[in-house]
Amino acid sequence: MKRKISDTQKQFLEKELKYLYDQEAINDVIELDEYYVTEKRNHFSIMATSLSVGAVLVGIGFLTFIASNWSAMSSLTKYLIILFGVIGFYVSGWKLENAFPKTSRSLYYLGVFLYGAGIILIGHTFHLGGQTYQALLAWAIGILPLAYYLRDKAILAFVIVLLFINSMQVYMSGSVPIVVLIAIPLIYIIIHYTMNKSNNLFILNTLLLVQILHTQLWNIGSSTLTVVVIMFLLGLSLFLRPINGYKSITELSGLLIHGAYGIALTIPEIWEYAFSTGVSSIVAIIFAICYGVFIFWLINSRYVVAIIILCGIIFRFYVDISYDFLPKSLFFIIGGVLLILFGFWFEKNRKGEVILHEVKKK
């Protein structure tokens, strides 16, 4: 079975294979058409955009009509409208998959939209508790098989976002639903086998996992300092010991995680859980200096994203020192200028990294 790739991916493979052949690293250039089939993808399509927006508008109009007549309908009528509406959109999308793929996808999106809204409306109608978090969980689990079937990154990303919002209830309930614990590794499997190891989805699902771990540590009675230190060390271990086959993306995930919690550890109040007020300030400053040196080393090692962490540390201290002393207008003006300069620095270094990469390739 031939693997589907985009035209851009095929061009990249052809270019790299030619480079390897010119370097005499391989004896012959592989004929890609024997193993891959291209599917054209437009990064921006007016047709696809209009169909997707149209699907959302139709969904809103459909739900508005139902909501305006909700009290006049029987419970059975409400249930049947939602049920057959979802089935109708899904079946229509399935029938049009080959002939009109973009229209088919918009119908699937419409079905997803109606399915979620239906869960909430039916929950209120039949007095099933009406808890928003449970409704979002049911919505996410219900459309997960569709994301797998369609190999649709947008739907899978939406599933992760719904699970992320649902995980917020852990702060109140103190427990994670078993279905969420099953869904997280399942999403990783889907990303691996059907989404061509999508970097964006991998990071999004990793952030969901971090959120679950953070809230669980919080709910078992761990102090804020303990939670932050554990999550910081987790991010550091992901960065230093990346997963085989996912080296770059686990390095980036680890960098983002230890960066966020590392910045938190520069705040003296975090350390007050273990030290007195005066000592905690000294410990926070010592950590900030050591961590800042480490970040400078990362930047020097061409980890350009580390610039964001360094900027975050600088901006945190700027806010801490300047907010109570500067006039508010001047505080925001200087802060805005700093952010612009940070952005310019990041862009400049990013371009330098791209140029260096191209030079190495040549």
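For the structure, see preceding data.
What you see as residue numbers is a count from 1 along each chain, following the sequence as written. pLDDT decides what is reported in this predicted model: residues at 70 or higher carry local features, side-chain atom pairs at 80 or more are listed and counted, and totals for whole chains, interfaces and linings draw on all residues regardless. Computation of side-chain values: all heavy atoms of the structure, hydrogens and water removed.

The next point concerns the overall build of the protein. Helical segments are the DSSP runs of H or I of at least four residues, strand segments are the runs of E of at least two, and each set is numbered from the N terminus. Along the protein, the regular secondary structure elements total 15 helices and two strands. The classification of residues rests on relative accessible area computed with a 1.4 Å probe and restricted to protein chains. Under 20% of the type maximum is buried, over 50% is exposed, and intermediate values are partly exposed. Split into buried and exposed, the 362 residues of the protein put 35% on the buried side. Nonlocal contacts in the protein, meaning residues at least 24 apart in sequence, comprise 63% of its contacts between residues at least 6 apart. Surface accessibility of the protein: about 21,600 Å² in total, with carbon and sulfur atoms responsible for 67%. Should any heavy atoms of two residues lie within 4.5 Å, those residues are considered in contact. Accessible areas in this description were obtained via Shrake-Rupley with a 1.4 Å probe; residue shielding takes into account the shown protein chains only.

In this section: the pattern of salt bridges. For salt bridges, the criterion is a side-chain nitrogen of Lys or Arg within 4 Å of an Asp or Glu carboxyl oxygen. In total, this model carries two salt bridges according to the counting rule given. Arg105 is the partner of Asp152 in a salt bridge, and the nearest nitrogen-oxygen pair spans 2.6 Å. Taken together, the positions of Asp152 in the loop between α5 (132-150) and α6 (153-167) and Arg105 in helix α4 (residues 101-125) put the pair 47 residues apart, joining distant regions of the chain. The residue Lys247 makes a salt bridge to Glu251 at a minimum N-O spacing of 2.9 Å. Residue Lys247 and its partner Glu251 are located together in helix α11 (residues 247-264), separated by four residues, close to a single helical turn.

It is worth spelling out the packing of helix α13 (residues 277-300) against helix α14 (residues 306-322) at this point. For the pair α13 and α14, interaxial distance at closest approach is 8 Å and the crossing angle is 150 degrees. Regarding the angle of α13 to α14, the classification is roughly antiparallel. Here α13 runs over α14; the crossing is left-handed. Contacts between α13 and α14 pair Ala288, Tyr291, Ile295, Phe296, Leu298 and Ile299 from the former with Ala306, Ile307, Ile309, Leu310, Ile313 and Phe317 from the latter. Axis geometry follows a simple rule: fit a line to the C-alpha atoms, using only the stretch in contact for helices, then measure angles between N-to-C directions, giving values from 0 to 180 degrees. Throughout, the term roughly parallel applies to angles under 35 degrees, roughly antiparallel to angles over 145, roughly perpendicular to angles from 65 to 115, and oblique to all others. Less than a right angle of anticlockwise turn of the near helix away from the far helix marks a crossing as left-handed, whereas a clockwise turn marks it as right-handed.

What follows concerns the packing of α11 against α14. Running from amino to carboxyl end, α11 crosses α14 at an angle of 10 degrees, the nearest separation of the two axes being 10 Å. Classified by the angle their axes make, α11 and α14 are roughly parallel. Listed contacts from α14 to Leu255, His258, Gly259 and Ile263 of α11 are Ala306, Ile309, Gly312, Ile313 and Arg316.

What counts as a ring pair is set by centres within 6.5 Å for rings of Phe, Tyr and Trp (its six-membered ring), and what kind of pair is set by the plane angle: stacked under 30 degrees, edge-to-face over 60, tilted for all other angles. Applying the stated criterion across every chain yields a total of twelve aromatic pairs. A ring pair is formed by Phe287 and Tyr291, whose centres lie 5.5 Å apart and whose planes are at 15 degrees; its orientation type is stacked. With a gap of four residues between them, Phe287 and Tyr291 both fall in helix α13, about one helical turn apart. Taking the relative accessible area as the measure of exposure, Tyr291 reaches 3% and is therefore buried.

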